[in-house]
Amino acid sequence: MAVLKVKFTKTKRDKLAQILWILNWVSVVSGIILFSLGLFLKIEIKKRNEVMAKGDVNSVPNMLISVGVIACIINFLGGKICYDCSDANKFSRWKLVMLPYIICTFCFTFCILVGALMCYTMRNELEESLYLGLRDAIKFYKDTDTPGRCSLKKTVDMLQIGFQCCGNNGFRDWFEIQWVSARYLNMASKEVLDRLKSNVDGKFLVDGVPFSCCNPSSPRPCIQYQLTNNSAHYNYDFLTEELNIWVKGCREALLDYYMAIMRSIGVAALVIWLFELTVLIGVRYLQTAMKNVLLLGDLEGESDGWLLENSFVETAKHNINIIKNLGKANHISTVSCMNDPNIDVQNTNCGNPNVTTKSIPAAS
């Protein structure tokens, strides 16, 4: 029994073909939107690739870009097919193409759904990439004279100012690394030498942060050095007073920024997926209705259209049998005493290899 069977008159078939022609062109625009969203996300990620470790963070934008390009091609072809389907004579040349087209379009719409879901499942990969990238960027913050790292100081400073953050997980990350270049240290100073000797690795560690961590909205001048020393500043209590530097870590700030973009893109992709699925259902109804018209022979009469010719269970069983029988057409069975179905003469020697076959007498 057909699933969701609908009866179509010629007028309804013509209107459905015209509507689907318009919707396919709208789908071309939706493909351009998907492509643009993927390109935008890729550019935003590339802007801060210096603070991101190499990983699979580009899989989402690459997926959206690919799906967007395919959407434009498939829907452009779909518009041409639906336009010709308003005429039964023109439909004849698309009759064998439409079913493979519908199957390919179904797989394509599934890819859109996968791309939309990936926007919500990439949080862990993105967070790990940001954590490792920011850790290395902060580690090499002081290497302004080293080729390949000389721009990291500017990148990190602009990042902390722009996203109002400090450090990787927080401002305390700066306490654990030497972020002041050795060229700016006064080696004649006893305080500098004591700090270098007090550290096992000979690093100059301070309880301070770069200037880019300062909050310009704070009414008090920025305290960026000796943050944990209450006696070093007037009327200052490190434990109770609100610090006038950014407390939020840059990893969290960037993660929130990118996830907000991905959530918005995910919603847009889901809407496009639902739209593409609706168009696909309409194309399927048009294909089955026009096919039945040709079978009935009355181009002006009514015809039935459906999603599936048989029930879901029967269709699944049929497809499973097709998959199982793939490659069996040319398979020759070697089981003992089994006759070859492709010939009329039965093999009388099966199971007895010693029996000789009589030769065919020559024509006299």
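This structure is a prediction, so every number in the text was calculated from the model and none was measured.

Q: I would appreciate a short explanation of the overall build of the protein in the present structure.
A: For the protein, the helix and strand inventory stands at nine helices and two strands. When the helices and strands of the protein are read in sequence order from the N terminus, they spell out β-α-α-α-α-α-α-α-α-β-α. A total of 364 residues make up the protein; the buried ones form 38% of that total. Taking all contacts inside the protein whose residues are at least 6 apart in sequence as the whole, residues at least 24 apart take part in 73%. In the form shown here, the protein has an accessible surface area of approximately 22,200 Å², with 61% of it arising from carbon and sulfur atoms.

Q: I tried to follow helix 5 (residues 123–139) on my own but got confused; where do I start?
A: The periodicity of an α-helix, 3.6 residues per turn, causes residues three or four places apart in sequence to face the same way. Compared with an ideal rise of 1.5 Å per residue, which puts 17 residues at 24 Å, helix 5 spans 24 Å between its outermost C-alpha atoms and is within 8% of the ideal. When we look at burial in helix 5, the residues that qualify are Leu126, Ser129, Leu130, Gly133, Leu134, Ala137 and Ile138. The buried residues of helix 5 occupy an angular sector of 145° when the element is viewed end-on, so they sit on one face. Helix 5 presents Asn124 and Glu128 as exposed residues on the side facing more than 90 degrees away from its buried surface. Looking at the buried side of helix 5, the elements it contacts are helix 6 (152–162) and helix 8 (250–296).

Q: What should I look at first to understand the UniProt feature "transmembrane region" (unreviewed entry) in the protein in this one?
A: Here, UniProt's "transmembrane region" (unreviewed entry) annotation points to residues 20–40, 60–78, 98–120 and 265–286. As annotated, residues 60–78 comprises 100% helix and 0% strand, and the C-alpha atoms at either end are separated by 26 Å. Secondary structure content for residues 265–286 is 100% helix and 0% strand, and the end C-alpha separation is 31 Å.

Q: I would appreciate a short explanation of unusual backbone geometry in the present structure.
A: Keep in mind that most residues, glycine aside, have a negative phi and that most peptide bonds are trans. Despite not being glycine, glutamine 164 shows a phi value in the positive range, around 50°. Mapped onto the elements of the fold, glutamine 164 is located in the loop between helix 6 and helix 7 (190–198). Phi at asparagine 235 is positive, roughly 50°, even though this residue is not glycine. With respect to the element layout, asparagine 235 can be found in the loop between helix 7 and helix 8. Relative accessible area serves as the criterion here: at 63%, asparagine 235 is assigned to the exposed category.

Q: Help me understand the packing of helix 2 (residues 59–84) against helix 4 (residues 95–121), please; the structure alone is not making it clear to me.
A: A pair of packed helices is captured by two measures, namely the crossing angle of their axes and the spacing between those axes. Two elements in contact, helix 2 and helix 4, have axes whose closest approach is 10 Å; the angle formed by their N-to-C orientations is 150°. With respect to helix 4, the axis of helix 2 lies roughly antiparallel. In the crossing of helix 2 with helix 4, the sense of the turn from one axis to the other is left-handed. Here Ser59, Val60, Met63, Val67, Ile70, Ala71, Ile74, Leu77, Gly78 and Ile81 of helix 2 come into contact with helix 4, specifically with Met98, Tyr101, Thr105, Phe108, Cys111, Ile112, Val114, Gly115, Met118 and Cys119. Here the contact of helix 2 with helix 4 is composed, by residue class, of 16 nonpolar, four polar and no charged.

Q: Just checking my understanding: could you explain the packing of aromatic side chains for this structure?
A: Aromatic rings considered in pairs are described by the distance between their centres and by the relative angle of their planes. Under the defined criterion, the tally for this structure stands at eight aromatic pairs. On the numbers, 5.9 Å between centres and 75° between planes, the contact of phenylalanine 171 with phenylalanine 175 is edge-to-face. You'll find phenylalanine 171 and phenylalanine 175 in the same group, each marked buried. The interplanar angle of 70° and the centroid separation of 5.3 Å between the aromatic rings of tyrosine 257 and tyrosine 258 together place this pair among those described as edge-to-face. By the ring-pair criterion, three or more aromatic residues cluster together here, those being Tyr141, Trp174, Trp179 and Tyr225. The cationic tip of arginine 149 hangs over the ring face of phenylalanine 140; the distance from NZ or CZ to the ring centre is 3.7 Å.

Q: Honestly, the nonpolar core in this entry has me stumped. Any pointers?
A: One finds Leu126, Phe171, Trp174, Val209, Leu227, Val283 and Leu286 to be the most contacted residues of the largest nonpolar core, which totals 81 residues. Those elements that place two or more of their residues in this core are helix 1 (10–47), helix 2, helix 4, helix 5, helix 6, helix 7 and helix 8. Broken down by element, the residue count for this core peaks at 19 residues, all from helix 8. Residues from two domains meet in this core; each of domain 1 (3–138 + 252–309) and domain 2 (171–247) gives at least three. Once residues within four sequence positions are removed from consideration, phenylalanine 171 is found in contact with Cys166, Val209, Leu227, Phe238, Leu243, Ile245, Trp246 and Val247.

Q: Would you explain the confidence of the model for the protein in this entry?
A: The predicted coordinates ought not to be read in detail in places where the model reports low pLDDT. Considering every residue of the protein, the mean pLDDT works out to 81; 82% of them sit at 70 or more. This stretch, residues 332–348, has a pLDDT under 50; its non-local contacts, to residues over four places away or in other chains, come to five contacts. Confidence drops under pLDDT 50 across residues 350–364; counting only partners more than four residues distant or on other chains, this segment forms four contacts.

Q: Whenever I open this one, the side chain of aspartate 143 confuses me. Can you help?
A: Mapping aspartate 143 onto the fold places it in the loop between helix 5 and helix 6. For aspartate 143, a relative accessible area of 14% gives the class buried. Discounting residues that sit within four places of it in the chain, aspartate 143 has contacts with Arg149 and Cys150.

Q: It is not clear to me how the environment of glutamate 302 should be interpreted in this structure. Could you clarify?
A: Along the polypeptide, glutamate 302 turns up in the loop between helix 8 and strand 2 (303–305). For glutamate 302, a relative accessible area of 45% translates into the label partly exposed. Excluding residues that lie within four positions of it along the chain, glutamate 302 makes contacts with Lys7, Phe8, Thr9, Arg13 and Leu296.

Calculation rules
Residues numbered from 1 in each chain as written. Predicted model: local features only at pLDDT ≥ 70, side-chain atom pairs only at ≥ 80, totals over all residues. Heavy atoms only, no water. Helix = DSSP H or I, 4+ residues; strand = E, 2+ residues; numbered from the N terminus. Buried < 20%, exposed > 50% of the residue type's maximum accessible area, 1.4 Å probe, protein only. Contact = heavy atoms within 4.5 Å. Areas by Shrake-Rupley, 256 points an atom, 1.4 Å probe, with all protein chains shown as cover. Expected span 1.5 Å × (residues − 1). Arc of directions from axis to C-beta. UniProt positions renumbered as here; feature names shortened; annotations may be inferred. Axes fitted to C-alpha atoms, helices over the stretch in contact; angles between N-to-C directions. Parallel < 35°, antiparallel > 145°, perpendicular 65-115°, else oblique. Left-handed = near helix turned anticlockwise from the far one by under 90°. Nonpolar A, V, L, I, M, F, W, Y, C, P; charged D, E, K, R; others polar. Phe/Tyr/Trp six-rings, centres within 6.5 Å; stacked < 30°, edge-to-face > 60°. Lys NZ or Arg CZ within 6 Å of the ring centre and 35° of its normal. Core = buried A, V, L, I, M, F, W, Y, C linked by side-chain atoms within 4.5 Å. Domains from an automatic or database assignment. pLDDT = per-residue confidence, 0-100.

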